[in-house]
Amino acid sequence: MCTLACIVKPLAYISLPFIVFRSIASSSPIGRYYWRLTVFLGTLVVASTWGVVVAVGMTLVGRRNDVNFVVARTFYAIASYALDITVEVEGEEHLQTRPAVMMSNHQSMLDILCLGRMFPQKAAIMAKRELQWTPLGPWMFMSGAVFIDRGNSSNARMSLEAAGEKVKSKGISLMMYPEGTRHCQEEPSLLPFKKGAFHLAVQAGIPIIPVVCENYWRLYHKGVFDTGTIKLRVLPPIPTTSVTVADVSELAARVRDQMLDTLREISVKVAITQESNEIQRSSPEPKPPSTKDEDIAMTSSSAFPAVSETPSEGASESSEVVKVTRSLRLDGSVSEYGGETDDEGNVLVGRRGH
């Protein structure tokens, strides 16, 4: 009896915080959000721990390029069940094309769940070289990660060329996020694409496989973490054998347009909110611009072609400023090889977000 008490009592003390937390989660939307976030992160820790064991074992038997596949499917099985979120994949047969550069839109850390469902065999992730010397380094090395030096543009370019040759010679696929950072809002949209991933694909002569995850704002954003189904569509491979470096910009624009059309097609339609309409109706009437103001407006328009809409009579100056500001934020001062602060295709490593 004493032995049983010694076992049960510690378990009771350990489980008490979880019981209290779960009770709060059932009575409060914010509590539910943080409870489910804790469960999600907990499953990620479990899968990461398991990944170390898998990486060691599969490296010893010469299958290090399948480590990510095994760990990804393990994580998806646990997290999908625990969170009651299902990922439905359409066009999964296109992922069998190897070698290739897989490119996906980047919304939040929940993308890891989508990766867990679709990540194919013989595929690797790209990470900045500095991560080799972190606690994640050994595991990433054993899982076949491709490291890239993003210290400056010339080093980044050389690293991309080397990465492309490595991917091509080993016949593996590489997962990258051309937006370079996370971007999630109520209406489906994409940030401008950085060109590093496209240079890699073109220089290596390997196809690009667009992977589009629907906009899941309705399921997950700050303060909201619900159950449901996420659609993911894999588009047919886009060959790059006849594309030159001079065509990279056009290729990036074409792939982005294709992915954006697909994103809007598979995402749940979002109506304009009443709050947005009220803000627009309450905007002050614009004053007649002076000659100097007109010159400034023309200069801004030419410098930022994304802001090309002609304002209507009822449009406000503040809304024009918001558009220009948004264009500044989206464009960013980054090199086309991803030498800025964010990942040029780095798979969910080192950035804190929702």
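Data block above holds the structure.
Okay, so let's go over this structure. Remember, it's a predicted structure, so these values are computed and weren't measured experimentally.

Attention shifts here to the overall build of the protein. Within the protein, the regular secondary structure consists of 11 helices and 9 strands. Across the protein, the fraction of contacts at a sequence separation of at least 24, relative to all contacts at a separation of at least 6, is 75%. A total of about 18900 Å² of accessible surface is found on the protein, and carbon and sulfur atoms cover 60% of it.

Moving on: the pairing of strand E2 (residues 100-104). With 5 of 5 residues buried, E2 is to be regarded as a mostly interior element. The two faces of E2 match: Ala100, Met102 and Ser104 on one face and Val101 and Met103 on the other face are all buried. Judged from the 4 bridges that link them, E2 and strand E5 (residues 173-176) form a sheet pairing that is parallel. Paired with Val101 across the two strands is Leu174, which belongs to E5. Across 4 bridges, E2 lies against strand E6 (residues 208-213) in parallel orientation. If you follow Ser104 over to E6, its bridge partner there is Val211.

Once that is clear, we can look at helix H8 (residues 248-266). Compared with an ideal rise of 1.5 Å per residue, which puts 19 residues at 27 Å, H8 spans 27 Å between its outermost C-alpha atoms and is within 8% of the ideal. For H8, the complete set of buried residues consists of Val248, Leu251, Ala252, Val255, Met259, Leu260, Thr262, Leu263 and Ile266. One side of H8 carries all its buried residues, which in axial view fall inside an arc of 165°. At its buried positions, H8 is contacted by E2, helix H7 (196-204), E6 and strand E9 (228-234).

The strand order E1-E9-E6-E2-E5-E3-E4 describes an open sheet built from 7 strands, whose pairing is mixed. The sheet terminates laterally at strand E1 (85-90) and strand E4 (146-148), the two strands that pair on one side only. Mean inter-strand twist for the sheet, computed between neighbouring axes without regard to direction, equals 25°. Pairing analysis gives 3 bridges linking strand E3 (residues 123-128) to E5, with the strands arranged parallel. Among the inter-strand pairings, Ala124 is bridged to a residue of E5, identified as Leu174. Against the sheet, helix H4 (residues 111-118) engages E1, E2, E5, E6 and E9, with an angle of about 55° to E1. Helix-sheet contacts for H8 involve E2, E6 and E9, and the interaxial angle to E6 is about 30°.

Attention now moves to the packing of helix H2 (residues 29-60) against helix H3 (residues 67-83). Two elements in contact, H2 and H3, have axes separated by 9 Å at closest approach and are oriented at 155°. Taken as axis vectors, H2 and H3 run roughly antiparallel relative to one another. With respect to the hand of their crossing, H2 and H3 are arranged in right-handed fashion. On H3, the residues touching Arg36, Val39, Phe40, Thr43, Leu44, Val46, Ala47, Trp50, Gly51, Val54, Ala55 and Met58 of H2 are Val67, Val70, Val71, Thr74, Phe75, Ile78, Ala79, Ala82 and Leu83. Looking at the contact of H2 with H3 residue by residue, the classes come out as 17 nonpolar, 3 polar and 1 charged.

Attention now goes to the nonpolar core. The biggest cluster of nonpolar side chains holds 49 residues, and the ones touching the most others in it are Phe225, Ile230 and Leu232. Leaving out residues up to four positions away in the same chain, Leu232 has contacts with Val87, Glu88, Val89, Glu90, Cys114, Met118, Val211, Val212 and Cys213. The next biggest cluster of nonpolar side chains, apart from the first, holds 34 residues, and it includes Met103, Met126, Leu200 and Leu263.

The subject of this paragraph is the state of the cysteines. Counted according to the given criterion, the structure contains 0 disulfides. Free cysteine: Cys114, not disulfide-bonded; nearest cysteine sulfur from Cys213 at 3.4 Å. Cys184 takes part in no disulfide bond, and the closest cysteine sulfur to it belongs to Cys213, at a distance of 9.5 Å. The partly exposed category is assigned to Cys184, whose relative accessible area is 25%.

This part covers the pattern of salt bridges. Overall, the coordinates contain 8 salt bridges when judged by the stated rule. Arg32 serves as the salt-bridge partner of Asp226, at 3.6 Å between the closest nitrogen and oxygen. Placement of Asp226 in the loop between strand E8 (224-225) and E9 and of Arg32 in helix H2 is noted, with a sequence separation of 194 residues between them. Here the salt bridges do not stand alone but share partners, grouping Arg73, Glu92 and Arg117 into one network.

What counts, and at which threshold
Throughout this document, residue positions are counted from 1 along each chain, in the order its sequence is written. Confidence filtering applies because this is a predicted model: local features only for residues at pLDDT of at least 70, side-chain atom pairs given and counted only at 80 or more, and all residues used for totals across whole chains, interfaces and linings. Side-chain numbers here rest on the full set of heavy atoms in the structure, without hydrogens or water. To qualify as a helix, a DSSP run of H or I must reach at least 4 residues; to qualify as a strand, a run of E must reach at least 2; elements of each kind are numbered from the N terminus. Here, residues are in contact when the closest pair of their heavy atoms is within 4.5 Å. Per-residue and other accessible areas follow the Shrake-Rupley method at a 1.4 Å probe size, with only the shown protein chains counted as cover for residues. Remark: exposure states derive from per-residue accessible area (1.4 Å probe, protein chains only) relative to the maximum for the residue type, with buried under 20%, exposed over 50%, and partly exposed in between. When DSSP locates at least two bridges between a pair of strands, those strands are taken to pair. Expected helix span is given by 1.5 Å per residue-to-residue step, counting one fewer step than there are residues. This arc describes the spread of directions from the helix axis toward the C-beta atoms. To obtain each axis, a line is fitted to C-alpha atoms, and for helices this fit is confined to the stretch in contact; angles are then taken between N-to-C directions over 0 to 180 degrees. If an angle is under 35 degrees, it is roughly parallel; if it is over 145, roughly antiparallel; if it lies from 65 to 115, roughly perpendicular; otherwise it is oblique. A clockwise turn of the near helix away from the far one marks a right-handed crossing, whereas an anticlockwise turn of less than a right angle marks a left-handed crossing. Residues are sorted three ways: Asp, Glu, Lys and Arg are charged, Ala, Val, Leu, Ile, Met, Phe, Trp, Tyr, Cys and Pro are nonpolar, and all the rest, Gly among them, are polar. Among buried residues, those of type Ala, Val, Leu, Ile, Met, Phe, Trp, Tyr and Cys that are joined through side-chain atoms within 4.5 Å constitute a nonpolar core. Throughout, a disulfide means two cysteine sulfur atoms within 2.5 Å of one another. Each reported salt bridge corresponds to a side-chain nitrogen of Lys or Arg within 4 Å of a carboxyl oxygen of Asp or Glu.

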